[in-house]
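Single-letter residue listing:
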Amino acid sequence: MKQEPIPAGLHPRSDTTRTGLAPAQIADAFRDNLHYLLGRFPAIASRNDNYLALAYTVRDRLLKRWIDSAQTFRERQSRTVCYLSAEFLMGPQLGNNLINLGIQDQVEEAMKSLGLKLEDMLEQEEEPGLGNGGLGRLAACYLDSLATLEVPSIGYGIRYEFGIFEQRIRNGWQIEMTDKWLQLGNPWEIPRPEIVHEVKFGGRTEGYDDNGAFRVRWIPNELVRGMAYDMPVPGYQVHTVNLLRLWKAEAAESFDFQAFNEGDYYRAVMHKMASENITKVLYPNDESLQGKRLRLQQQFFFVSCALQDMLRLYLQRSKKLDGFHEKFCVQLNDTHPAIAVAELMRLLVDEHRMSWEPAWEITRKTFGYTNHTLLPEALERWGVPLFQSVLPRHLELIYEINRRFLNEVRLRFPGDDARVARMSLIDEGGERYVRMANLACVGSHAINGVARLHSDLLKEGVLRDFHDFSPEKFQNKTNGVTPRRFMLLSNPGLAALISRSIGPGWVKNLDELKHLEKFVEDAQFRREWRAVKLENKRTLARLLQERAGFTVNPDSLFDIQVKRLHEYKRQHLNALFIITLYNRLRRNPSLKITPRTFVFGGKAAPGYYMAKLIIKLINSIAEVVNNDPVVKNQLKVAFFPNFNVKNAQHIYPAADLSEQISTAGKEASGTGNMKFAMNGALTIGTLDGANVEIREQVGTENFFLFGLTEAEVEQTKAHGYRPWEYCASNEELREVIEQIRDGFFSPDQPDRFHPLVNSLLQRDDYLLFADYASYVACQDRVAAAYEDTEQWTRMSILNVARMGYFSSDRSIREYCDEIWKVKPVTIET
Ligand code: NBG
């Protein structure tokens, strides 16, 4: 590799090697890191060596700000938000950190001077896939906004050794491969071998006399250590760098020493392995999750580490725990960390010898609970025997919390036993279960849903009794996404055009996008807008070719549905429409339609049979449609394998049409819907989740609406839904269903899709058939609209111009003002 000489004036090496931001200083630092950290010389450095050397160079430049932030928060004893989440889907770090530090251009230049390409290094990074989908990515967007808004905060989670599986497609079927994100090293984390907490499991409890007070101690039969791994979370163009602290499980060496001494070497080693298993793998959110002991252990493990860590930090500065809730507010990201309610009580009452009432007061004031789903099968419950065997002390505490709580319920609603049974923390109808959502509600001062419709439905549905009991706790916080990653980083072409037109302020104040409305009637601007989109579509086309061998035409309408595979999200409704279009072309070979490329992406939980069958169906349709000459390339279907944050960054910017077609009332919010619209896609969607608010913001005339409302869905079901009748009475639908049933797309095994067809004909739980006609008609409107290029462009611009509301900065401001009551703390240099 040839190295350019460094201009003399830019050569102040001495103490700026780790902080200097000029290209020459960055290049020097890169060489130093390659040499001293990686022990490599340029001629033999691999792409990963180079990536690591650059990553360390960038990390160095974050460290001063990180330390300044930590120091300031400590000195000022700032009120801190702790975001407890079993998932953080952070995405690749390098590009984002460059953006937030504002040194993209300098680094690009530095790499060039070394004969390297920044692009290659960005591509090299393996993303930490420590989440399943929307919930984990939301947590990551919120960390970005907290830092950007200069709010002291810590994300607490689990350092899974294996994140979400890698998806491959073989013969059209999904194959799962283990995710080895740590294999080549993770330069973004700092291990903290001295920040370690002990976590107990199992065993029994016993009462004892503590100078006249009755107390309980927990005698566990297992002890695990949690060690902290810290990742920096820099805000955009501010000095704040917050903390993401992930816990890794380790064996508590000393605990099994007895066995070791007696020569039972294998028992000691087994114990070590069992301990480390706790943070081995992320569970793909699966129906078969029910009752998984290891999952409960994971949840308790990270929650206990996090709370002990907060108490440690708190006690460094204050002696008495009375004011804990004034310094820490803790948000429960869904029910996965809900055990925190009982664990904080245990720490305060058992370990810190507080009496029940003040401990309960602190606990309730500390927690807020965000609910992320209305699907009843996703509400977590643990069988009492399992729970007791893992967390015997917490079960006692939950019984006591429940006893006191149900007394209050009985006082307020005398004689209403049914209500008491519904609100109980223990489900007593048959086998007994601990209900985690109820625990979260009782133990929190605020409860919120993630979009207006979702929050309303919570109050009427799953959490109705809790709303009756304490309506003042209920709020809505509509989700948002970060424009740094999902616009500036992933769509540099669009970002540059926007900044040239309205200035760069929109990145921190997304409402400024509304100034784009001025340009809607500017023909030159519209041309540039289209040029950006076309370029993005070319990039996606290239990736589809490289990764999966699909040849697609960038001039066609890119109609994209990417998200986890789930029946309620109705990827198969989209598939039914594709077949409908195909049949029209087969019936009338001279038919001209608006050329479309349908792109799908998303993982199915490994144990979710129907979702995997839908992937196979999509790929089978692709096989037939893409190769049938009658189509004359007017239709293409492509499945993008392994949808993750990194791939998503190439996909959202390339979409013309965004598919948000879940059954109304099922998708709590959705956040992909926001990412698409911010990148200039128009949405075809139902009145579900945040679609409702997106449509309100962008204007009903700029949104393709179809389908039943949530109320109509309920009515349809209440009146005895008969899907087969819908099928029989719609000519096009009947033809499609018969084709799938008769093996048109599976000639090698004609009955392959019978389970899917039967479930639709007999039950159709998600009302595909009821919405089919409306969806097809709406898609026909989409096609017609796309033919009017100028008008489509206007609608696209207006969508972006009106998406300001969906910045995660807005969501986080609302959380800060209305739930956390926390103020920004500016970090000075
Ligand atoms: C998901 C919802 C989405 C929502 C995200 C983030 C879970 C349990 N819920 O609709 O399905 O956008 O959470 O709030 O993953």
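None of these values were measured; they are calculated from a predicted model.

Novice: Mind laying out the packing of helix α21 (residues 523-548) against helix α32 (residues 789-801), listing which residues take part and the relevant values?
Specialist: One way to put it is that α21 packs onto α32 with a least axis distance of 10 Å and a crossing angle of 80°. Classified by the angle their axes make, α21 and α32 are roughly perpendicular. For the pair α21 and α32, contact is made by F525, R526, W529 and R530 and by T789, E790, T793, R794, S796, I797 and V800, respectively. Each residue belonging to the contact of α21 with α32 can be placed in one class, and the counts come to 4 nonpolar, 3 polar and 4 charged.

Novice: Kindly report on the sheet that holds strand β14 (residues 433-435), identifying the contributing residues and their values.
Specialist: Strand order in the open sheet formed by 3 strands is β12-β14-β13, and the pairing between neighbours is antiparallel. Of all the strands in the sheet, just β12 (381-383) and β13 (426-427) have a single pairing partner and so form its edges. By the bridge criterion, 2 bridges tie β13 to β14 in an arrangement that is antiparallel. When the bridges of β14 are listed, D427 appears paired with Y433.

Novice: Tell me what's going on with helix α12 (residues 356-366), and back it up with residues and numbers.
Specialist: Of the residues making up α12, those classed as buried are W356, A359, W360, I362, T363 and T366. Projection of α12 onto a plane perpendicular to its axis shows the buried side chains occupying an angular sector of 160°, all on one side. Buried residues along α12 sit in contact with α10 (324-327), β10 (328-333), α11 (340-351), β11 (367-370), α14 (392-412) and α16 (436-442).

Novice: Quick one: what's the story with the pattern of salt bridges, residue by residue and with numbers?
Specialist: Under the criterion given, the structure shown has 64 salt bridges. We note a salt bridge from D230 to R245, for which the minimum N-O separation is 2.8 Å. Pair noted here: D230 is in strand β8 (residues 222-234) and R245 is in strand β9 (residues 241-251), with a separation of 15 residues, a long-range link. Taking relative accessible area as the criterion, D230 reaches 1% and is therefore assigned buried. Residue E546 pairs with R542 through a salt bridge whose shortest N-O separation is 3.3 Å. Of this pair, E546 and R542 both sit in helix α21, 4 residues apart, roughly one helical turn. Within the structure, one salt-bridge network assembled from shared partners comprises R192, D230, R245, D309 and R312.

Novice: Describe the sheet that holds β11, with residues and values.
Specialist: If you walk across this open sheet you meet the 9 strands as β5-β8-β9-β2-β1-β10-β11-β15-β16, and the pairing is mixed. Where the open sheet ends on each side, the last strands, each with one partner, are β5 (190-201) and β16 (474-476). Strand-to-strand, the axes of this sheet are offset by a mean angle of 25°, without reference to chain direction. Judged from the 11 bridges that link them, β8 and β9 form a sheet pairing that is antiparallel. Within β9, the residue paired with Y229 across the bridge is L246. Sheet strands in contact with helix α2 (residues 47-76) are β5, β8 and β9, and its direction is about 95° off that of β9. Together, β1 (80-84), β5, β10 and β11 form the strand contacts of α11, whose direction differs from that of β11 by roughly 165°.

Cut-offs and rules
Residues numbered from 1 in each chain as written. Predicted model: local features only at pLDDT ≥ 70, side-chain atom pairs only at ≥ 80, totals over all residues. Heavy atoms only, no water. Axes fitted to C-alpha atoms, helices over the stretch in contact; angles between N-to-C directions. Helix = DSSP H or I, 4+ residues; strand = E, 2+ residues; numbered from the N terminus. Parallel < 35°, antiparallel > 145°, perpendicular 65-115°, else oblique. Contact = heavy atoms within 4.5 Å. Nonpolar A, V, L, I, M, F, W, Y, C, P; charged D, E, K, R; others polar. Pairing = 2+ DSSP bridges. Buried < 20%, exposed > 50% of the residue type's maximum accessible area, 1.4 Å probe, protein only. Arc of directions from axis to C-beta. Salt bridge = Lys/Arg side-chain N within 4 Å of Asp/Glu carboxyl O.

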